[in-house]
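As a plain string of letters, each chain reads:
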Amino acid sequence: MSTALQGKNILLGITGGIASYKSAILARRLIDAGADVRVVMTQGAQAFITPLTFQALTGNPVHTDLLDPAAEAAMGHIELARWADYVLIAPATANVMARLANGLADDLLTTCCLATDAPLAIAPAMNRLMWSNAATQANLATLEARGTTIIGPGAGEQACGEVGAGRMSEPETIRDALAAAIASTANTSAPNHNSSKELQGKSFVITAGPTEEAIDPVRFISNRSSGKMGFALAAAAQQMGADVTLIAGPVALDTPAHVKRIDVKTADEMLENALKAVNNTDVFIAVAAVADYKVAKFSREKIKKTDDELTLELVRNPDILKTVAALEHRPFCVGFAAETENLEKNAQSKLKKKKLDMIAANQVGQQNNPVFGSDTNSLSVYWGNNKHQIAPAAKFDVAQQLLKLIANQITLNK
Ligand code: PMT
């Protein structure tokens, strides 16, 4: 896990949305990462979840009122604002975004935001139409221009029953994005800026997740990839300024903010979309765990259990990465290798066989970290005669470190 949150004072603002139930888990995750968390709740938030929950979770009194003499005597809004190393608002409603964009200070949370010089991060959560509304998008642009870190929102089914963008990111995603923002603030020593933009102007295509190869209408061949590593790379590349297209197999993950996502099921669909997307792209990263085989003949009817044994004829799927790497005008090609043994030997062999520019190998299947589905990873990265070790960390942090290596190489290769 990233150490960026260790010892940091995080002022967690909670506004009135159904997603505020996830903020309880978020508070826990921030504390687990070593942060000291103090919570400010708006009136709206208290309609969804009680201050007592956060008091119990953080061990600190929860602040709710700007004009509460007792609370002000203990730690008033100015002290809170001074205390914070980072202000994080999750969920951030359309209303609080509008108030922040306009510099209002009509409750404790917005007053703290005005009275602090700590950087601000928000995790928006709202109905999809409220999110796409021109007013919200203008407020978002204002906040971004001021250096606010925007985390999410994700897309998917919403509490209101609609489907679209506006779902608050998952607590772990918010924690990792905040840690990354803190780390990049420390690296650039630019106190009010969200991340370094060393991939500005670059375009990335990233594959992620498993593929699903149907056997019959109810069965398929797939694997254990959750998509987390590929999505972390997409989010990190976008935050570093890149224009990112993410080609995702079937996974249950939110789309990282400002990333173009193309959903596919099979290796054939992934290849077709990758070939369309890589035209004029700078970097292609194949993180997907593509099923190597599919059935020779898909059965339109459910296969019946007639005998004790069943033999399926399998044929090879296309190799997406190898195909892209063989293009005449190819992007910088980065592969992943998931190995259970002989990590370096197998990774080096894939680097050569597929004619890649770089390969990132991860040791999978170990009991303490299977990599598949977990929130952390570590990588051994090989290119030319070079190698670099990325130590175990949150997948988002690992992604950032890999992207820095890629950024160096594409600059050198120019
Ligand atoms: O999704 P997570 O749960 O976060 O897990 C992450 C991960 C373990 C899936 C990821 O880190 C990883 O290692 N991905 C590569 C998985 C793999 O098994 O690769 P491979 O050794 O089969 O293939 C080597 C490379 O060729 C990969 O970049 C792969 O995307 C690509 N490939 C492979 C086969 C194929 N038909 N087409 C391809 O593009």
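Look up a bit, the structure's there.
The sections below set out a description of the structure shown in this document. (Residues numbered from 1 in each chain as written. Predicted model: local features only at pLDDT ≥ 70, side-chain atom pairs only at ≥ 80, totals over all residues. Heavy atoms only, no water.)

A separate point is the overall build of the protein. When you go through the protein residue by residue, the secondary structure sums to 15 helices and 19 strands. Whereas a compact globule of 414 residues would reach a radius of gyration of roughly 22 Å, the protein reaches 23 Å, a difference of no more than 12%. Overall, the protein is about 75 × 55 × 45 Å in size when its C-alpha atoms are taken along their principal axes. Scored against the burial criterion, the 414 residues of the protein give a buried share of 53%. (Helix = DSSP H or I, 4+ residues; strand = E, 2+ residues; numbered from the N terminus. Rg over C-alpha atoms; globule rule 2.2 N^0.38 Å. Buried < 20%, exposed > 50% of the residue type's maximum accessible area, 1.4 Å probe, protein only.)

Right, let's talk about the site of the ligand for a bit. As a matter of local geometry, the ligand sits amid 26 residues, with Ser226, Ala286, Ala288, Lys350 and Asn362 nearest to it. Within the backbone of leucine 321, a nitrogen or oxygen atom sits 2.9 Å from an oxygen atom of the ligand. Here an oxygen atom of the ligand and a side-chain polar atom of lysine 354 are 2.9 Å apart. The fraction of the free accessible surface of the ligand (770 Å²) that becomes covered by protein chains is 94%. When each cavity is represented as a set of grid points, the ligand is found to reside in the largest pocket. With four residues, the single largest contributor to the shell around the ligand is strand E16 (residues 332-339). Considering only residue class, the shell around the ligand consists of 14 nonpolar, six polar and six charged. (Near = heavy atom within 4 Å. Polar contact = N/O pair within 3.5 Å; in protein donor to acceptor, adjacent residues only side chain to side chain. Areas by Shrake-Rupley, 256 points an atom, 1.4 Å probe, with all protein chains shown as cover. 1 Å grid on protein atoms, 1.4 Å probe; cavity = no way out; pocket = protein on both sides within 12 Å on 5 of 7 lines; lining within 4 Å. Sits in = over half its atoms within 2 Å of the grid points. Nonpolar A, V, L, I, M, F, W, Y, C, P; charged D, E, K, R; others polar.)

A few words now on the packing of aromatic side chains. Under the definition given, this model contains zero aromatic pairs. Residue placement shows arginine 38 over the ring face of tryptophan 83; its charged tip is 5.4 Å from the ring centre. When the ring centre of tyrosine 293 is taken as origin, the NZ or CZ atom of arginine 316, which lies over that ring, is 5.5 Å away. (Phe/Tyr/Trp six-rings, centres within 6.5 Å; stacked < 30°, edge-to-face > 60°. Lys NZ or Arg CZ within 6 Å of the ring centre and 35° of its normal.)

With that settled, consider helix H12 (residues 267-277). Those residues of H12 not exposed but buried are Ala267, Met270, Leu271, Asn273, Ala274 and Ala277. Contact partners of the buried residues in H12: strand E8 (203-208), strand E9 (213-216), strand E11 (243-248), strand E12 (260-263), strand E13 (283-286) and helix H13 (320-325). (Contact = heavy atoms within 4.5 Å.)

For helix H9 (residues 134-145), built from twelve residues, the straight-helix expectation of 16 Å at 1.5 Å per residue is met to within 8% by its first-to-last C-alpha distance of 16 Å. Regarding H9, the residues found buried are Thr136, Asn139, Leu140 and Leu143. For H9, the buried positions fall inside an angular range of 105° around the axis, keeping them on one side. Seen from the open side of H9, the exposed residues pointing more than 90 degrees away from its buried face are Ala134 and Ala145. Looking at the packing, one finds that the buried side of H9 touches helix H6 (94-101), strand E4 (120-124), helix H8 (128-132) and strand E5 (149-150). A positive backbone phi angle near 95° is found at glycine 147, which sits one or two residues after H9. (Expected span 1.5 Å × (residues − 1). Arc of directions from axis to C-beta.)

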